[in-house]
Structures are given as structure tokens and as C-alpha cells.
Amino acid sequence: MASIPASELTPEQKDELLCTYSALILHDDGAEITPAAMTNLIKAANCTVESYWPMLMSKMINTVGMAELIKMGSGAGGGGGGGGGG
């Protein structure tokens, strides 16, 4: 999504991005990643998301683990091109 301006994202993409950023902020701060904590951060940014997003994201993060999800990277993008040999 980094190559797309935020103004061109669908509402679902914006919600997912807001939840991702809120979870990363909580993780970086060492705080527990809960739906309430995510919603509070999103509201503090003067944004809103569909109410189910923080619940789904926090459940996934607490099941899989934030460190593992960060290692996995995004599954949404295509495979990166190989580095150029020289």
C-alpha cells in the first residue's frame, strides 16, 4: 500500500492500515495489544474504523505473535525481484 496515496485507499484498506499502525505503536511501546487499546489510539488520531477490525487484528496478533507477523512481512504484495547480479 505504500505506493498508493492514502486518499486512493478503499475504506477497508484504510481500516486495515490504521489497525496495523496502532498495533505496531502498542508493540513498540511494550503495551498489550487489545481491541480497546487499538481503538483508543485510532480515536486519538481522529480516525475511525469498522468496529470488528481491532478485534480481528488483536486476536490474530495475540494468536500468532507480533514478532512472527513482522518476520512474515506483508502477504498482500507480489514477490520482490531478485537483486541484480554484477
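Structure: see above.
Overview of the structure. Source: prediction; values computed, not measured.

Conventions used here
- Residues numbered from 1 in each chain as written.
- Predicted model: local features only at pLDDT ≥ 70, side-chain atom pairs only at ≥ 80, totals over all residues.
- Heavy atoms only, no water.
- Helix = DSSP H or I, 4+ residues; strand = E, 2+ residues; numbered from the N terminus.
- Buried < 20%, exposed > 50% of the residue type's maximum accessible area, 1.4 Å probe, protein only.
- Contact = heavy atoms within 4.5 Å.
- Areas by Shrake-Rupley, 256 points an atom, 1.4 Å probe, with all protein chains shown as cover.
- Axes fitted to C-alpha atoms, helices over the stretch in contact; angles between N-to-C directions.
- Parallel < 35°, antiparallel > 145°, perpendicular 65-115°, else oblique.
- Left-handed = near helix turned anticlockwise from the far one by under 90°.

Some points on the overall build of the protein
Now for step 1: Of regular secondary structure, the protein possesses 4 helices and 0 strands.
Now for step 2: From first element to last, N terminus to C terminus, the protein shows the α and β order α-α-α-α.
Now for step 3: Out of the 86 residues in the protein, the part that is buried amounts to 21%.
Now for step 4: Put simply, of all contacts in the protein between residues at least 6 apart along the chain, 47% involve residues at least 24 apart.
Now for step 5: Carbon and sulfur atoms make up 56% of the accessible area of the protein, which totals about 6100 Å².

Examining the packing of helix H1 (residues 11-29) against helix H2 (residues 35-44)
Now for step 1: Running from amino to carboxyl end, H1 crosses H2 at an angle of 110°, the nearest separation of the two axes being 9 Å. Viewed along their axes, H1 and H2 adopt a mutual orientation that is roughly perpendicular. When H1 is examined against H2, the residues Leu18, Cys19, Ser22, Ala23, Ile25 and Leu26 are found in contact with a partner set consisting of Ala37, Met38, Leu41 and Ile42.

Re the packing of H2 against helix H3 (residues 52-64)
Now for step 1: At a minimum axis distance of 8 Å, the contact between H2 and H3 shows a crossing angle of 130°. When the interaxial angle is binned, H2 and H3 end up oblique. Handedness of the crossing formed by H2 with H3: right-handed. For the pair formed by H2 and H3, the contact residues are Pro35, Met38 and Thr39 on the first element and Pro54, Met55, Met57 and Ser58 on the second.

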